[in-house]
Each structure stands twice: as C-alpha cells, then as structure tokens.
Protein chains: 2
Amino acid sequence: MTHTQHDYAAAIRKQGFRMTPQREMILDAVCEAGGHTTVDEIYSRLHARAPAVNRSTVYRTLEFLQEMHLVVAAEIGGQCVYEIAHAQPHHHLHCLVCGANIEISQEALVAAFAAIEREHGFAVATDHLVLTGACRACRETPA
Amino acid sequence: MTHTQHDYAAAIRKQGFRMTPQREMILDAVCEAGGHTTVDEIYSRLHARAPAVNRSTVYRTLEFLQEMHLVVAAEIGGQCVYEIAHAQPHHHLHCLVCGANIEISQEALVAAFAAIEREHGFAVATDHLVLTGACRACRETPA
DNA sequence: ATTACTGCAAAGGATTTGCATGTGA
DNA sequence: TCACATGCAAATCCTTTGCAGTAAT
C-alpha cells in the first residue's frame, strides 16, 4: 500500500517538478517508519527494495521534499530526523529509556508559549519540538 | 580574571583527573562567551591566546568537561553549542531574526510539563531546551 | 524535445583515533 | 614516578557537489 490519499505526485507537479520512482520510494519509506526516521533508516529500507538507489539521492530528495513541504526535519540528540509533514504543528515526547516516540498536539504547550510571550515579548515559533524524558510504561516498570 | 569562584580545578581533581592549562583556558573561553558557544568560537579564542593548542584537544576537553558536569551541550539549528553548567535547569529563546539568545528559567515551562505528565504519564526531563522564534526587538522593528 | 533528476565518484568538512611525547600530582 | 593529557597526523564519518547520462513531462 502506498500513500495515495495525499497524492504527493500532484503536489510535486503542481510546483513544477517531477515525480520519480525514487521520490515515491523515499516518501513510502518515511511513511512506513511511522514517526521519526533517520537518513540511514530510509536508505536501508530503500536499498533493500532498490539496491541501485544512491545515498546522495536520499539526501537530495529529503531536502527537496522539505522544500515541497511534504516532509519536515527535526533534531533528536544531535541526529537529524524526518517525518511526513502534518497539517497542524505538533510535538514529540521521546522516551530515553525505551526509545518510544509519542506525538502530542500543540495545545499542551500553547499556554506556556503564551506565558513566554507575555513575560519576554518573545514569539515562539517552534512547531516541532522534541521533549525527552520517561514514558508511562518505563516509569511503572522500574529497571 | 578567571572563573575561580567555582574552583573547577578542585571539582576535576576530586573525580581523580588533572587540571591542565588547556582545560583551564577552555573553561575560560566558555565562560567568557557568556551564553552558548561553538567549538569554532572556543578554538578561535584559545588559538589567539595559545596558538599551539590543538583542535582535537578542544573536542576531547569539551567531552571531558561534560562528563565532569562542568559544561553542558545543546543543539541550535544543527549546531552543537556549549555552556557552563548551571545549578538549575533553564532554557533558551533563540531569535531567528537577530540571533539573540535569551535565557529563561524553568518556571515558564513547569506548568506545561506538569500538564504533559497529567495527560500522557510522561515525565519530561528536558533541562536545556531551545525555543526558536522572534524576540521583542525584532517584532517591533519590521524589516 | 526539454530540462529535471539520478548515479557515480570525488571533494569537503567536521570529528575521532593511535601513538609518541610531555606533564601534573 | 607514572598514569593522565596533549599534539600531531592520519583515519573516519557524514554530507555535498560536478558532471555526464537517463527519464519524466
């Protein structure tokens, strides 16, 4: 199954560029990963399916897909991670114990951002934050 | 003037390691920078004062100082930045327009973190967050 | 028929490592 | 003294780039 509901091909063509098998496979790979993926993970998936595809194509395509606003990037612990762009801004909770990745809505943080704006006059524009810590399961199961 | 109030030398020796001129100069360089510094900035400062010091020493020392809990690292826009470890956790507001770096206390975010814990059972342990956006000055002075 | 896109290989930059020498305790 | 640290140079890793060939529209 592919990502056809969103018709990424149309979105790309509308902006005057081309849909290619490589771009499709890379979009698939990012979709399949569910949450955050790294360049290496994407490349591995891709390479299993189409060994000829080059690493530089992965880099170039990820950059391209970001410009198309189909993919967004973030940083977790010095690592660059990618995911399919959502309509709404959202954030992530990353469990340091088990590695789980929980997605949360912007709402949990709007109040905090509003407080910062009130106190410091600073308009927070972060729309893809990663908070680290310990998830429920890991807290209830002490090592 | 150096950073003697904190007596970093003692802290290092207490853990069974040695204070050296290089480590002292690197600590000084991080102190002088005020807030966040990069490897390059540190190296430049250092090189001006002691041209013989090697880049790899800077890398090794920064890693060492992190293990000693004298320095902490964070990521801003893909760049690794360092600063002197504070007693209390705190966060930063990084202006994308002018590059200003505003330090804020943990308090502004504790409510948000508590809400996340309530809703998701997730204990946020992030103690050095960087929020990007636009600072007061830049918002009041439209380009 | 165009011209965007890809693969390849090489370049580039940042960081790490091995080893001999130097130095703090 | 002697293990810890440093300098140096080479190795390594990740990412980018130039170019010629390929393929999407």
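Computed from a predicted model, the values in this text were never measured in an experiment.

Chemist: Residue-level account of helix α4 (residues 55–67) of chain A, with values.
Modeler: Residue and element names in this part refer to chain A. Taking 1.5 Å of rise per residue, the 13 residues of α4 would be expected to cover 18 Å, and the 19 Å separating its terminal C-alpha atoms lies within 8% of that figure. Thr57, Val58, Thr61, Leu62, Phe64 and Leu65 are the residues of α4 that are buried. Seen along its axis, α4 keeps its buried residues to an arc of 165 degrees; they face one direction. Set apart from the buried face of α4 by more than 90 degrees, the exposed residues are Arg60 and Glu63. Considering only its buried residues, α4 is in contact with α1 (8–14), α2 (21–32), α3 (39–49), β2 (71–76) and β3 (79–84). In the segment just after α4, His69 is the residue with positive phi, at about 65 degrees.

Chemist: Kindly report on the interface of chain B and chain A, identifying the contributing residues and their values.
Modeler: Facing 30 residues of chain B, the contacting portion of chain A comprises 30 residues. In total, chain B and chain A occlude about 2,400 Å² of area from one another, counting both sides; carbon and sulfur atoms represent 63% of this. Broken down residue by residue, the surface that chain B buries against chain A is led by His120(B), Phe122(B) and Arg139(B), which jointly contribute 23%. Between the two partners, chain B and chain A, sit two salt bridges. In this structure, Arg139(B) and Glu117(A) form a salt bridge, with 2.7 Å as the shortest nitrogen-oxygen distance. For the pair chain B and chain A, the interface holds 14 residue pairs in polar contact (both at pLDDT 80 or more). Looking at the side of chain B that touches chain A, the elements with two or more residues in it are β3 (90–95), β4 (101–105), α5 (107–120), β5 (123–124), β6 (130–134) and α6 (136–140) of chain B. A per-element tally of the side of chain B that touches chain A places α5(B) first, with eight residues. When grouped by side-chain class, the residues that make up the side of chain B that touches chain A number 18 nonpolar, seven polar and five charged. Here strand β7 (residues 130–134) of chain A pairs with β5(B) via two bridges, running antiparallel. Residue pairing for β5(B): Ala134(A) is matched across the bridge by Ala123(B).

Chemist: I'd like a rundown of the protein's contact with DNA strand D, residues and numbers included.
Modeler: In the vicinity of DNA strand D, 18 residues are found, and the nearest of them are Arg13(A), Tyr59(A), Phe17(B), Thr57(B) and Arg60(B). Sugar plus phosphate, as a fraction of atoms of DNA strand D within 4 Å of the protein: 67%. Residue Arg13(A) places a side-chain N or O atom 2.5 Å away from a phosphate oxygen belonging to DNA strand D. Within the side chain of Arg60(B), one N or O atom sits 2.8 Å away from a base nitrogen of DNA strand D. Within the residue set of the surface near DNA strand D, elements represented by two or more residues are α4 of chain A together with α2 (21–32) and α4 (55–67) of chain B.

Chemist: Can you explain the environment of Ala11(B)? Please cite residues and give values.
Modeler: Residues and elements named next belong to chain B. Following the sequence through the fold, Ala11 ends up in helix α1 (residues 8–14). Looking at Ala11, the relative accessible area reads 23%, which means it is partly exposed. For Ala11 and Ile76, which are 65 residues apart along the polypeptide, the C-alpha to C-alpha distance reads 28 Å.

Chemist: Explain the domain arrangement of chain A to me, using residue names and the numbers behind them.
Modeler: Residue and element names in this part refer to chain A. By domain assignment, chain A separates into domain 1 (8–84) and domain 2 (90–140). Distance from the C-alpha centre of domain 1 to the C-alpha centre of domain 2: 25 Å. Taken together, the contact pairs seven residues of domain 1 with six residues of domain 2. Between domain 1 and domain 2 lies a buried interface of about 500 Å² when both sides are counted; carbon and sulfur atoms form 65% of it. In this assembly, domain 1 and domain 2 are joined by zero salt bridges. At the junction of domain 1 and domain 2, the tally comes to four residue pairs in polar contact (both at pLDDT 80 or more).

Chemist: Explain the packing of aromatic side chains residue by residue, including any values.
Modeler: Residues and elements named next belong to chain A. Under the definition given, this model contains two aromatic pairs over all chains. With 5.5 Å between their ring centres and 80 degrees between their planes, Phe17 and Phe64 make a pair best called edge-to-face. Here the residue Phe17 occupies a position in the loop between α1 and α2, and Phe64 occupies one in helix α4, the gap between them amounting to 47 residues. The ring of Tyr43 carries the charged tip of Arg55 above its face, separated from the ring centre by 4.1 Å.

Chemist: Lay out the sheet that holds strand β1 (residues 37–38) of chain A with the relevant residues and their values.
Modeler: Within a sheet, each strand pairs with its neighbour through backbone hydrogen bonds, oriented either parallel or antiparallel. All names here are of chain A. Spatially, the three strands line up as an open sheet ordered β1-β3-β2, and their pairing is antiparallel. Strand pairing shows two members of the sheet lacking a second neighbour, β1 and β2, which therefore form its edges. Two strands pair when backbone bridges link them, and β1 and β3 are joined in this way by two bridges, in the antiparallel orientation. When the sheet's bridge partners are listed, Thr38 is paired in β3 with Val81. Across the sheet, α2 is in contact with β1, β2 and β3; its angle to β3 comes to roughly 100 degrees.

Conventions we followed
Residues numbered from 1 in each chain as written. Chains lettered and ligands numbered in written order. Predicted model: local features only at pLDDT ≥ 70, side-chain atom pairs only at ≥ 80, totals over all residues. Heavy atoms only, no water. Helix = DSSP H or I, 4+ residues; strand = E, 2+ residues; numbered from the N terminus. Expected span 1.5 Å × (residues − 1). Buried < 20%, exposed > 50% of the residue type's maximum accessible area, 1.4 Å probe, protein only. Arc of directions from axis to C-beta. Contact = heavy atoms within 4.5 Å. Buried area = accessible area lost by both parts, 1.4 Å probe. Salt bridge = Lys/Arg side-chain N within 4 Å of Asp/Glu carboxyl O. Polar contact = N/O pair within 3.5 Å; in protein donor to acceptor, adjacent residues only side chain to side chain. Nonpolar A, V, L, I, M, F, W, Y, C, P; charged D, E, K, R; others polar. Pairing = 2+ DSSP bridges. Near = heavy atom within 4 Å. Domains from an automatic or database assignment. Phe/Tyr/Trp six-rings, centres within 6.5 Å; stacked < 30°, edge-to-face > 60°. Lys NZ or Arg CZ within 6 Å of the ring centre and 35° of its normal. Axes fitted to C-alpha atoms, helices over the stretch in contact; angles between N-to-C directions.

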